[in-house]
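Here are the chains, one letter per residue:
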Amino acid sequence: MENHAVAEERYFYAPLIKFERTIGHSRHGIAEHHVIDKRIAELDQLEMSDPNWLKVMKKLQDKVLHHLEEEREFFQQAGVVLTDKQKIGILAEINDFDTEVDYASLSLQYTF
Ligand SMILES: [Fe+2]
């Protein structure tokens, strides 16, 4: 998860900060990654038997699902501002950096 977030921030969000149309999505996405990181760290501090574990897990789940939903819109906006060459370059950089995920098999999520 952390590799994925760093790859996304470095190779996807960062170039999109340059465009007026996608700067808001980029900044918001990075901020949400930080919230997700905080929830994961919070969860790491709790035992599963702790009564708060399920509450924190639910908050994490809600935030991740919300983030994924917003990213769908973000990918569409990115598709408008990026050239095909830029899109291919971004996917290649993400694939090279984060080898834990087979992004080619996630073509639906990363179609932009
Ligand atoms: Fe993300």
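Residues numbered from 1 in each chain as written. Predicted model: local features only at pLDDT ≥ 70, side-chain atom pairs only at ≥ 80, totals over all residues.

Draft legend 1. A look at the overall build of the protein chain. Helix and strand counts for the protein chain stand at four helices and zero strands. With the principal axes as the frame, the protein chain shows a C-alpha extent of 50 × 30 × 20 Å. When contacts within the protein chain are restricted to residue pairs at least 6 apart in sequence, those whose partners lie at least 24 apart make up 61%. (Helix = DSSP H or I, 4+ residues; strand = E, 2+ residues; numbered from the N terminus. Contact = placed C-beta atoms within 7 Å.)

Draft legend 2. Just the packing of helix H1 (residues 2-16) against helix H2 (residues 20-44), in detail. Between H1 and H2, the shortest axis-to-axis distance is 9 Å and the interhelical angle comes to 160°. Between H1 and H2, the angle falls in the class roughly antiparallel. As H1 packs across H2, the resulting crossing turns out to be left-handed. Two secondary-structure elements touch here, H1 through Ala5, Glu9, Tyr13 and Leu16 and H2 through Thr22, His25, Ser26, Gly29, Ile30 and His33. (Axes fitted to C-alpha atoms, helices over the stretch in contact; angles between N-to-C directions. Parallel < 35°, antiparallel > 145°, perpendicular 65-115°, else oblique. Left-handed = near helix turned anticlockwise from the far one by under 90°.)

Draft legend 3. Up close: the nonpolar core. Ranked by size, the top nonpolar core spans eight residues in total: Ala7, Phe12, Tyr13, Leu16, Phe74, Ala78, Ile90 and Ile94. Only H1, helix H3 (53-81) and helix H4 (84-97) provide two or more residues apiece to this core. Counting residues per element, this core draws most heavily on H1, at four residues. Once you skip the residues sitting within four places of it in the chain, leucine 16 turns out to touch Thr22, His25, Ser26, Ala78 and Val81. (Core = buried A, V, L, I, M, F, W, Y, C linked by C-beta atoms within 7 Å. Buried ≥ 20, exposed ≤ 12 C-beta atoms within 10 Å, placed from the backbone.)

Draft legend 4. Representation of H1 in the model. Here H1 contains 15 residues, and its C-alpha end-to-end distance of 20 Å stays within 8% of the 21 Å for a straight helix at 1.5 Å per residue. For H1, the complete set of buried residues consists of Ala7, Glu8, Phe12, Tyr13 and Leu16. Where the residues of H1 are buried, they touch H2, H3 and H4. (Expected span 1.5 Å × (residues − 1).)

Draft legend 5. Seen up close, H2. Taking 1.5 Å per residue, 25 residues should reach 36 Å; H2 reaches 37 Å between its end C-alpha atoms and fits that length. Tucked into the core, H2 has its buried residues touching H1 and H3.

Draft legend 6. Inspection of the environment of leucine 54 at higher detail. With respect to the secondary-structure elements, leucine 54 resides in helix H3. Along the sequence, leucine 54 and leucine 43 sit 11 residues apart, while their C-alpha atoms lie 9.0 Å from each other.

Draft legend 7. Inspection of the environment of alanine 14 at higher detail. Looking at the element boundaries, alanine 14 is found in helix H1. For alanine 14, a count of 13 C-beta atoms within 10 Å corresponds to the partly exposed category.

Draft legend 8. Broad picture of the packing of H2 against H3. Where H2 contacts H3, the axes come no closer than 9 Å and their chain directions differ by 160°. By the angle class used here, H2 and H3 are roughly antiparallel. Between H2 and H3 lies a crossing of left-handed hand. Tallied by class, residues from the contact of H2 with H3 come to 13 nonpolar, five polar and seven charged. (Nonpolar A, V, L, I, M, F, W, Y, C, P; charged D, E, K, R; others polar.)

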